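Structural characterization, general
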Amino acid sequence: MLPDEIIAQLISEYQCRDQQIHNLAALYSSHLPSPPCLDVYGLTATGKSSILASFFQLSSISHTIINVRECITARHLLERIVAASVDALEEFHDEKLDRRSYARTENLSALCVHLGNLLEGRGKFVLVLDAVDKLREGGGTLIAALARLGETVPNLSLILSTTLPLTPSTLHSSSISFLHFPSYTRSQLLAILGANPPKIFLTPPSLETFPDYTPDLAAEDDAWLWNRFLTTVYDSLSKHTGRDLISFRSCAMKLWRPFVEPVVSGQFGTRDFSRLMVNRRHLFQLEDSVLDRILDPNTASTSSQTATSTASGLPEPATPSKQRQAKMTVHDLPYYTTHLLIAAYLASYNPSRTDVTYFMKHTDKRKNKRRAPSAASFSMSSKRTGSKVRKISRHLLTPSPFPLDRLFAIFRALLVDSVPQVADLYTQIATLTSMRLLVRAGGAGSNDALEMGGKWRVNFGWEYARALGRSVNLEVGEYLVGGVD
Amino acid sequence: MEHQRCYIYELPKTEERSPKRQRTNRYNAQAQLPERLQTYRELWAQQEERIQEQDTLEKADSAVQGKIVNFISASSSMPDERKSVIPTGLIVAGPSIASHGPFFERLGRSIKEDAGSAYVVLTSGECPNLKTLLKNLIKKATSRVDDDDEDDLDRPATSSKHGPKLLNYDLGHIQEWNKRNRVSSIVVALQDSEAFDAGLLVDMIDLFHSWLDRLPFVLLFGIATSAESFEDRLSGNSLRYLEGEKFDVTQSDDIIEKLFSATVASTHVRLRIGPNISRRMLDRQKDHVQNTQDFCDGLKYAYMSHFYASYPSLFLKEDIAFKDLSPDAFEAVRNLPSFRQWVEKKLEQGQAQEVRSLLNSNEYMFEQVMLHIKSSQQALSTLSHAAQVLSNTREALQMSPKVRLSSIWTRAASGELSNSPLLRETMLCIKKIPSDKLVLLLAAMQQLEGDYFSMDISLLQKEIDKLLQTNDTNAPLRTQHDVRNDNLRTTVVAQKVLLSKHKAALSEQDKAYSDLVGRFYDKLEAYFDSAFIDPRTLFLSEVLVYDLKSPHTEVFQPKPRFAIERALASPHDYLGCDCCTGVDGNEAALSATQPATAIVYQMYLESGTLINVSDLWSAFNAIAGDGDEENESKTMAIFQRALAELKYLGLVKPSRKKTDHITKIMWKGL
């Protein structure tokens, strides 16, 4: 294909990337020399990989693209480079190469030799290493060495794609070309996403009832509403949470169906944007749509929402507080295991010198539960003394390690009845460890499970501990030094 | 021995006997052990079958497994559309980690069968890092024999003939394999996802996602805590690559309940466990572990101990003949407490002749034993069935404190249920039952009708149907005991208010209905009264019910720490020698005759967190040493060994805080 045709096709395919496409076409044409090494950089979702792939696909230059994400080790990367180059050259020149000599690529020098042999007497070969900064175990000089491959193998031109520009210090040289893929601006984002609007009506309205609502009209409505909707989503949510194309698109797609729900049900017309906005404003007030979840929150909550919507006619906007409460469902643990976990939480967050105050067996049980001075009194005292020391609530700090015997002592203090000294308690500790609710914390012999005197730490937060306590009728806050708000 | 008027008491002739009485023919505890073993195997095989079929392990999961399989086939059935996310199943399998392994194994079987996918289970133990994870994954998926596990960089020497070969952690292997086998999806299940390093998970998801256009991955995560806490561990970027559903596996206490009703509270069981042991097993499930396998093991152990330790258990063998038994067996039966009770009752009833023949004739004894095994088994089955009836009744009436069948059965088996508040409350509720609920109750009871519960439910149902047909109002019929039929009347007599209750006048239908409920109530009460007996009063209850606490507790709930602490703190308990009893009968006192480790340990108990070894030594020398300068080195050796033993037990460790000090790390009684 001629360069102009390539450019035209790419520009029609990838909007708002005209300049980068022109640059690429200028740098990599089949008869002109190309730079030995080019760093293509830009943040995520700026079209680097796809444009590179499409460009070389269209241009008739022998090339290979390697996704460095898939390489586990540096050795793996080197092997992949050689194997992929051999494959690409065989395909491009339509010939059979003797593969035996390229069986092993243990290190960089072997790579140099192999590539040199491979490309000797051939035309230009472009090697694209995509996301080279994502290499899992790259040595300090690997990238620098790769970037200078072009010096030893003259007809090789290398393209490295990275998120941030490679600095001269990593490259050990400053003579490298860069091509920047800037992030899309607001208008660009809106233009890209607005190009293909999703449908309002998944099943078009029947022709008998609405004879004049033609598919053309529907497409026009879709585009009109979608573009207005996109602007709103960007200004209200995506501007502050994720400005890249992928986050913006996923956020918009998540909101689209609930947004047009009243239109589909016939409550509003397709062009009733302002009334629709007011009706659906809660969608833009919540952060659900911008959070990445494995479980689709819409499908999870539809069952509960349908119940409310049948009652009131309209689905109630879910408030964040409601969501939070539903989130903290604790899987039923056995009775003693629950207490062990609570004891572990208290052991982590209470300083050990206060144990006597909180856990001594008194005749009056209420004496133990002492609330520390509230936040208000803290601020008062600090004002009077004028000290600038700010107290951070304990449960916001990292848990401190504790010995196992302290855990058992607190455990026994929490329980009213006596507990037999059975091996089951140790089994439970082991189980909780493998569930990562308790973890061994540092210190000597932390890797050896049998080593006594090792220290432990909890690995869950205050909300989980409180929910645990409530499942066994124990208010954890009453035993916590400093109290909780 | 009331068949004689008077007795002549003769002193036993001690001259002939040795001072310590010896059995002339030694009682052989191992008698007929093979037969008992066989009986045990027979009975346990039946139980195991019940566990398998009822299971729970298959049945209870089947719904969830079906859902997961559907999810996988649904996600793999859209291959045309380029997938941008990995389909992910979050399987919340609950905190009983031990049952996760079998669950994923069964899940794998059904996935392979139904969804036509490849299935690989990975556990955290075999995946310390990404490279090992991939190696394991490839090995399991392709069933490839791993020929080079010494060093990943090594590769077979033959490779140089064929050009570049894939490294053994390259997913290209799976790609090649997939080209040949064409599976619809590759399901990778991480059995204990919590135990995986979060960074490893992120790396793995990232890698799988970039391969997703070539390999149809589906991820399953086994989760013990909650799906939310799992999500919290992953980064937002990897969450973006995943999308899926959550599956809740049946809670293990429901499974235990089902298992219990199948294996213990069922009517076809020949050997039952007693109330004490079942309470112990259930409490253990509730308090410590939640594990169905553990419950089955406990049951199996109870069966084993029953047949191993008790000779009369031989009678449980099916169609046992008289000639198979030695006279010892009958002697053993005659020594059972329940036999004595039974005989005493017979004597009270004046059946002395029968008792005599029971004591003398083995044949007669055999007949009686066979007869009573049948009848006692019948009684026990009736009891179990009645427990079931009671439980279903409560369920049908929706009575508020939900009592599980297992606890009802346990109380019934310990003979506590007759006249208990629970039963009374239920019966009162039946007395007041309105007709709409009665219909439901009767329908529920009809399913339970059988050999052990013969009440003519269908007759009652017909009657009530007839009554309801004549009832033209919408309101259900009510009995005379219903509160709505009472009304209060106040009368003022001499400035005092008198409250009196009056029955409202009942309609004809209500009267007829009350009569019907009354009959139903009487029948049910009679049934419960006859069924809820105390099983311990049954003859041969020792054979039919195993209820010994001792070996079960020691095996399933050992107390290792307590045992060590007790042995060290009071060695006399274990040694039982005269020398260690202590000074002047005071057992707590230290004495030189005690083992050196015990002496040091007791001094250790009295000290604080940091112990000065020099002080410890002088105290030890004062007790164990003899004051002679020359022997001091010997005492020192003993002392050092004792201290080393404490260190070995993990009680002390050297301290860096102070020189010549050791730190105390274990506190007694925890």
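Residues numbered from 1 in each chain as written. Chains lettered and ligands numbered in written order. Predicted model: local features only at pLDDT ≥ 70, side-chain atom pairs only at ≥ 80, totals over all residues.

1. Thoughts on helix α10 (residues 215-241) of chain A
All names here are of chain A. At Tyr 234, α10 shows its strongest bend, of approximately 50°. Listed in full, the buried residues belonging to α10 are Leu 225, Trp 226, Phe 229, Leu 230, Val 233, Leu 237 and Ser 238. For α10, the elements touching its buried residues are α9 (186-194), α11 (245-265), α12 (273-279) and α13 (281-285). (Bend = angle between axes of the 7 residues up to and from the residue. Helix = DSSP H or I, 4+ residues; strand = E, 2+ residues; numbered from the N terminus. Buried ≥ 20, exposed ≤ 12 C-beta atoms within 10 Å, placed from the backbone. Contact = placed C-beta atoms within 7 Å.)

2. Quick notes on the nonpolar core
Core analysis: the biggest nonpolar cluster contains 130 residues, and Ala 343, Ala 344 and Leu 407 of chain A together with Val 187 and Val 188 of chain B have the highest contact counts within it. For this core, the leading source of residues is helix α16 (residues 335-349) of chain A, giving ten residues. Residues Leu 43, Leu 299, Val 389 and Leu 538 of chain B belong to the second largest nonpolar core, which totals 71 residues. (Core = buried A, V, L, I, M, F, W, Y, C linked by C-beta atoms within 7 Å.)

3. Some details on the domain arrangement of chain B
As assigned here, chain B comprises domain 1 (55-250), domain 2 (419-531) and domain 3 (560-664). Using only C-alpha atoms to locate each centre, domain 2 of chain B and domain 3 of chain B end up separated by 73 Å. (Domains from an automatic or database assignment.)

4. Regarding the UniProt feature "domain: ORC5 lid" (unreviewed entry) in chain A
Under the feature "domain: ORC5 lid" (unreviewed entry), the UniProt entry names residues 226-285 of chain A. Helix and strand shares over residues 226-285 of chain A are 82% and 0% respectively, and the end C-alpha atoms of the span are 19 Å apart. (UniProt positions renumbered as here; feature names shortened; annotations may be inferred.)

5. Description of the sheet that holds strand β10 (residues 610-612) of chain B
Residues and elements named next belong to chain B. What the three strands build is an open sheet, ordered β10-β12-β11; its pairing is antiparallel. Every interior strand has two partners, whereas the edge strands, β10 and β11 (652-654), have only one. Sheet twist, expressed as the average angle between the axes of neighbouring strands with direction ignored, equals 35°. Together, β10 and β12 (661-664) form the strand contacts of helix α26 (residues 613-624), whose direction differs from that of β10 by roughly 55°. (Pairing = 2+ DSSP bridges. Axes fitted to C-alpha atoms, helices over the stretch in contact; angles between N-to-C directions.)

6. As for the interface of chain B and chain A
Listed as interface residues are 60 residues of chain B and, on the opposing side, 48 residues of chain A. For the side of chain B that touches chain A, the secondary structure elements donating two or more residues are β1 (86-92), α4 (130-142), α6 (198-211), α7 (227-233), α8 (236-241), β5 (242-248), α10 (275-287) and α23 (560-569) of chain B. Split into classes, the residues belonging to the side of chain B that touches chain A amount to 25 nonpolar, 16 polar and 19 charged. (Nonpolar A, V, L, I, M, F, W, Y, C, P; charged D, E, K, R; others polar.)

7. Some details on unusual backbone geometry
Outside of glycine, negative phi angles account for most residues, and trans bonds account for most peptide bonds. A positive phi angle, near 60°, is found at Asn 473 of chain A, a position not held by glycine. Assignment of secondary structure puts Asn 473 of chain A in the segment after α21 (462-471). Overall, the presence of 6 C-beta atoms within 10 Å leaves Asn 473 of chain A in the exposed class. Even without glycine at this site, Gln 398 of chain B takes up a positive phi of about 55°. By secondary structure assignment, the location of Gln 398 of chain B is in the loop between α15 (362-397) and α16 (405-413).

8. Digging into the pairing of β1 of chain B
Residue and element names in this part refer to chain B. With six of seven residues buried, β1 is to be regarded as a mostly interior element. Judged from the five bridges that link them, β1 and strand β4 (residues 217-223) form a sheet pairing that is parallel. Counted as the bridge partner of Val 92 is Ile 223 from β4.

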